[in-house]
Structures are given as C-alpha cells and as structure tokens.
Amino acid sequence: MSAHAERRASRSRRRWLLTLGSVLLIAVFLFPIYWMMATAVKAPDQIVVYPPKLVPTHFDFSVWTDRIFKESIFVRYLLNSVIVGVGTAVLSVVLAAPAAYGLAHLRIRGKGALLLLNLSALMFPAIMIATPLFVIFNRLGLANSYLGLILANSTLAVPFSIVLLRPFFLSIPYELTEAARIDGCTRFGAFARIVVPLARPGLFTAGVFAFLLGWGDLVFALTLVQSDEMRPVTAGLWAFFGLNVTNWNGVMALSTLAMLPPLVVVLFAQRHIVAGLTAGGVKE
Amino acid sequence: MAGVTFDRVTKDFDGGVRAVAELELEVRDGELMVFVGPSGCGKTTALRMVAGLEDASDGDIRIGERVVTQLDPRERDIAMVFQNYALYPHMTVFDNIAFGLKMHGVKRVEIDERVRRISGILGLDDFLSRKPRQLSGGQRQRVAMGRAIIREPHVFLMDEPLSNLDARLRGQMRAEISRIQRELETTTMYVTHDQVEAMTMGHRVAVMRKGQLQQVDVPQVLFDSPANLFVASFIGSPSMNLIQAPLERDGDELVARIGEQRLPLPPEAIARNPRVADFAGRVVALGIRPEHFELVGAGEGLRGTVVLTEALGSERLIHVEVEASPVVTDEVLEVAVDTDVAAAEGLKWEASQRRTVVVTRFGVEVAANVGDSVELRAAPGKAYFFDLETGRAI
C-alpha cells in the first residue's frame, strides 16, 4: 500500500473510532431517558425482573389511561410547573439583566466584592436555604403559593443569570449606551432601547436556564408546598410512591410527560442558546 | 449656536490619577477647536466632560451662558461622533440617523424629511435600509456624522472620528468634515493625535500634555512660535530637531558651543529672541525645524555626515549625524515614546554618545549621498531657543 493510501486508511480508521466513541457516549447519556420511557409502557412484571429487560416485550398502558389522562390532578401538576418555570424565568431575567449590566459597565465601588458575593450565592445548595425560606415565607403568607415558589427558585436563578449575562453585556460596547444618552435617552432608556435588543440571545439563554431550574426544582416544592393543588410535577411524582410499594409505571409515565415541555423549550431555543453562549467571543 | 467654556475644570480618577488639571479654555462660537496631544494627555477626558459622559471633579463647564456641569448628556444639546462610530447595530441607517430626533419627540413626517435631506448631503441615499454591518468604514463614518448633524446641536464633539480609516479615505473625510463644519458654523471640539488633522482642520489648536493645556493658538502660530519644548517637539512632522547648546559670550557676540564647534549666533536670531543674551554661560535647547535648514559652505555652519536620505517624491529628507547632544527632557522623551518606544531609547543612546542625527528637509534637487560631509545652518530667524530647566521658549 502506498504511503498516501496508508495515510487515508489511517484517517478513515480514526474517524470510525471517533464515531464509535461518540455513539457510545451519547448512548450512555441517553440511556436513562430511554429506560424511563420504556418503563413507562412496560408491563409491571417486566419492570423489576432480573436480568433487566432492555426492550419491553409486554406493554401496559393502564397507568396512562386510568390515571395520567384520567385524573385532572396530573394536568394541574404540569400547569403548576409551567407557572413556576415561566415565573422564575421572567423574574430572574428582569432582575438579573440590569444587575449584570451594572456589574459589567458601571463604575461601582466594591464591584469585585459584589461579584464575589453573587458567585457565593450559587454555592448554597437549595436544601440549606429551604427551611429558612419556609419560616420567612410562612410569616409573609407566601408559603404554598406560586409567588413563594417563584421567589425561592429565583434565589438560585438570579445569581446564575447574572454570572451568565455579565460577560455578554461586557461584549456590547459601552459607547452604544453613551451614544444613546447623547441622543436623548436616560441611562435606563439607553439600556432598554439599545442594550436589551442587542442582548436578546443572552437574555433568552438566561431565561431558558432559569425556566429549567424552576421546572426541575424538588426541594422548594417539597418544603414550601402543603396542598396537592399547588404541587409542581416534580413533587407530584411522589403520588406514585407508596409506603411499601412504588408504582414505577406511574413514576416513569409522569416523568416522561414532565420531560416534554422543557424538551420543547430547549429544542425551540437551542439556536439562541448557542448564540447566547458564544456571542461576544469575537470582538467586532 | 454657542461656545464652550472650561472654567478651571479638573478631573481626577480613582487611584489619584489627575486626567485634567484646572483647564481654562474657551472654544468660541462657530469655531472648530482641535485638541491634540499624546495618549493620556487628557484631551478625550476633556471632550467627554463636555458631553457629560465624565463628571468634572472641580470647576464648571458652560455651553453658551448655561452651566452644564451637572446636567445629563441629553440635556446639553450636544452631538458626538465616536472613534468607533457607535452605530446601533440592530437599527437601519435610517433609524440610526433618526434616533435622536425620535427621542426628542419630533414628528414622523419631519423625521423622514430631515433624514432624507441629510442622507442626500452625505451620499447615503442608497444605504438607508441597510444595517451598519453592511457598510464600509467610510460609510459608517458618514452615518455617524449624519446622526450628529441632523440634531442641529449647539456643539459637535468628535473623538478621533477618522482614526479607523485608511490614509486616503482619511484625507477625503477630513476635507468633508471641515466643509460641513464651516457651512453649519457649529461650534466643534475635535480630538485627534494626528498632526495633519490638527494643522489643517482647526481654526485653533489646543495642545495638551498630562492634563494641562500647553498652548492654544492658530496652527501657524503653534508651528512658528511654540511656547515650550513639548509643543515644539509635538507640532511638526518630522519633529523639530532639538540639540543642547551651551551659550558663551565672546566680546559682543553670543556663541553656541555645539560639539567641538563654536557657532556665533547671527544678529537676527538674537533680535528675534533678545532674552537669549541672559542665558550666556548656561546650556539652552536649540531647535531648528527640518525645513528651516540651509546647506552652506565649509566653515560656515554645523558640520555633519549624511547617514540616510529618504526621497519622498516632491522632497527629500536627509538625516545628518552631528557632534552634539540631543535634548532628552521629559517632554521630548514623552513625544518620542508616543511616536515609537525605540525612538526614545535611541535619543538616550545618542545623548550618551554626544552625537545626534538631525533631520533636514530639502527639495528633490538637493542631492546627498550617505557618507557625504555637509555643513548646515538655520535659515534667518528660524532658530528657536528653549530654557532647559523650565522647558519654556526663550
């Protein structure tokens, strides 16, 4: 074989190996999703069998027909999650955007300390602040309410959004704000009319991450919510966990359903998310 | 229309950096005042204080009779052209130009009419629906100008608007800006570090250094009568040649000892600078501009050896090494560093060798080859003297 042909064969082998490795990696990450969806339609006797059945041979849709699509509470759980997710996204972006912009461009004494403080807020796991928040919210009448859940999730979503948005605002030249102020805008007017439209991909990205954070929360949902009607879908899953027996069909069925809205959001938003995460990487 | 007055204006930044020090200056109504100086001299800070983008630490700024020191930029009735144009990327050319009028509540019909008129003047009619990223550098610059002009403000502020253009386009736009300013007669503050812009565009030029105003006058006076070493070495390209010259009295004559040579100062030089006689026995800085040298016969001038010739088409630059120490004061080094860091090191090295290279400018008909011995003299009345201690012109 000539040297050229050998090099081509070697490149081809490398490509195949890379492809195989990538497929295996993706399979590892996607397997839990597959297992969840498979378990949602498996007959109960196939769920806990050993060795595990990778591909279901007997199907059982009763949990779907008799519970998920019959009992209105599950729709309520999903609706609650939508409200909390969207509310967290909106509140986080509204609060984080001007904060991130100020930390990016304004001359603030102690800016370094503020940035560190903001970062430190991300170090606290939700479980640490859930109980203190319950005490405070209870006194304020916010426990067992949408606003309470939105505020609780925002305690984590806002600092994260600030960290995400600040580099983005740094990439938008401050001269644009200055030009707008000279043209007749107030400081806030320049931010709203000039900076926000340019920061749309970043704001969108921050909003999506905040939505996912709010949608996927379990700790605050379990701590702050007492009534079934207020439960988001993450806490609603507990309906299928009994004292001695767990309805895995039901758990996986509801989980599959719960996965769909964030999946749709991410699929719809993925182009903007990539733009939001990479924008500002190259200076114009 | 209105002038701009700086009334003992100071700007201190955090960390104790004084960017502008007690600036007292008046930009007259309808005048184009160019602010020039090396990087960090405070010219842009002064401009930004007029715009309201920087707060003055002390003193007052007036536009006309109005004290604007504490006012927001939008309340000052000024318009600014930024170095990087600062066009709004998400808006079309039309919307960029119209934005200021929209913010001031001008009606849609009037906005449309005014934008089209301005775009016609600036040659932007075909680009109104484009976004800034679809324009060339020169087109963006004109949009930035249009955005400023359309507001008919009291004052135009321009912060190095041509620095991002290539040399040819810069020349065209320089002429266009000058023409527009003279037509509109709007008071204009123009910041640049480009000599040619400073000398060709401004009614007057303000030279700044380390936050302080060095001299303000019409360009020709700055060139012919620099107030100090800094202005002398900053204005003019190539720079004024500055060499150390100990002065001695020899009877009635005043003699400059340069290297091993003793060169009597001609009577017209003393008549032009009578105070020079007070510096007998001291070392002064002798300055001669490249274009003010004359080639003379043997024994009549400063001896030197040609080390480089540069033919520039219509003229010739001849670099002559002479036995003399260059002036290496802080001001001169600052100008050298601003041009080229290596130039400053070169000056210090020359001083240590007591040799310096003077740059002379002659017509192309003057032939000189590397290695030739020549003798140079300043044209009558074209020698400048500076006090080495204070830097001031004598």
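Residues numbered from 1 in each chain as written. Chains lettered and ligands numbered in written order. Predicted model: local features only at pLDDT ≥ 70, side-chain atom pairs only at ≥ 80, totals over all residues. Heavy atoms only, no water.

## Things to note about the side chain of B:Arg209
Residues and elements named next belong to chain B.
- Of note, Arg 209 is situated in strand β9 (residues 204-209).
- Given the relative accessible area of 13%, Arg 209 is considered buried.
- A distance of 2.7 Å separates polar atoms of two side chains, one belonging to Arg 209 and the other to Glu 334.
- In this view, Arg 209 contacts Cys 41, Gln 214, Phe 230, Asp 330, Glu 331 and Glu 334; residues no more than four positions away in its chain are not counted. (Helix = DSSP H or I, 4+ residues; strand = E, 2+ residues; numbered from the N terminus. Buried < 20%, exposed > 50% of the residue type's maximum accessible area, 1.4 Å probe, protein only. Polar contact = N/O pair within 3.5 Å; in protein donor to acceptor, adjacent residues only side chain to side chain. Contact = heavy atoms within 4.5 Å.)

## What about the packing of helix α2 (residues 93-103) of chain B against helix α3 (residues 108-122) of chain B?
All names here are of chain B.
- With their axes 10 Å apart at the nearest point, α2 and α3 run at an angle of 130 degrees to one another. By the angle between their axes, α2 is oblique relative to α3. Regarding α2 and α3, the two cross each other, and that crossing is right-handed. Between α2 and α3, the contacting residues are Phe 94, Ile 97, Ala 98, Leu 101 and Lys 102 on the first element and Arg 108, Ile 111, Asp 112, Arg 114, Val 115 and Arg 116 on the second.
- Split by residue class, the contact of α2 with α3 holds 6 nonpolar, no polar and 5 charged. (Axes fitted to C-alpha atoms, helices over the stretch in contact; angles between N-to-C directions. Parallel < 35°, antiparallel > 145°, perpendicular 65-115°, else oblique. Left-handed = near helix turned anticlockwise from the far one by under 90°. Nonpolar A, V, L, I, M, F, W, Y, C, P; charged D, E, K, R; others polar.)

## Observations concerning the sheet that holds strand β5 (residues 66-67) of chain B
Residues and elements named next belong to chain B.
- Spatially, the 4 strands line up as an open sheet ordered β2-β1-β4-β5, and their pairing is antiparallel. Only two strands of the sheet have a single neighbouring strand rather than two, namely β2 (17-27) and β5.
- As paired elements, strand β1 (residues 4-13) and β2 share 7 bridges and run antiparallel to each other. When the bridges of β2 are listed, Val 9 appears paired with Leu 23. (Pairing = 2+ DSSP bridges.)

## Some remarks on the interface of chain B and chain A
- The interface of chain B with chain A comprises 27 residues on the first partner and 17 residues on the second.
- Roughly 1900 Å² of surface becomes buried between chain B and chain A when both sides are summed, with 59% attributable to carbon and sulfur atoms.
- Between chain B and chain A we count 4 salt bridges in total.
- A salt bridge links B:Arg151 to A:Asp183, with the shortest nitrogen-to-oxygen separation between them at 3.6 Å.
- Across the contact surface, chain B and chain A share 8 residue pairs in polar contact (both at pLDDT 80 or more). (Buried area = accessible area lost by both parts, 1.4 Å probe. Salt bridge = Lys/Arg side-chain N within 4 Å of Asp/Glu carboxyl O.)

## Considering the domain arrangement of chain A
- Here chain A is described as being made up of domain 1 (1-30), domain 2 (41-70) and domain 3 (71-280).
- A separation of 41 Å is found between the C-alpha centroids of domain 1 of chain A and domain 3 of chain A. (Domains from an automatic or database assignment.)

## A short note on the pattern of salt bridges
Residue and element names in this part refer to chain B.
- Summed over all chains, the structure comprises 29 salt bridges over all chains.
- Among the ionic pairs, Lys 11 bridges to Glu 54, the shortest N-O distance being 3.8 Å. Taken together, the residues Lys 11 in strand β1 and Glu 54 in the loop between α1 (43-51) and β4 (58-63) connect sequence positions 43 residues apart. Each member of the pair, Lys 11 as well as Glu 54, carries the same accessibility label: buried.
- A salt bridge links Glu 113 to Arg 117, with the nearest nitrogen and oxygen atoms 3.5 Å apart. Of this pair, Glu 113 and Arg 117 are both found in helix α3, 4 residues apart, which corresponds to roughly one turn of the helix.
- According to the relative accessible area criterion, Arg 117 is partly exposed, its value standing at 41%.

## Overview of the layout of surface pockets
Residues and elements named next belong to chain B.
- There is about 880 Å³ of room inside the second largest pocket.
- Looking at the lining of the second largest pocket, the elements with two or more residues in it are α8 (229-234), β11 (241-250), β16 (302-311), α10 (330-339), α11 (341-353) and β18 (356-363).
- Residues that form the lining of the second largest pocket fall into these classes: 18 nonpolar, 11 polar and 3 charged. (1 Å grid on protein atoms, 1.4 Å probe; cavity = no way out; pocket = protein on both sides within 12 Å on 5 of 7 lines; lining within 4 Å. Points joined across faces, edges and corners; volume = space filled by probe spheres on them.)

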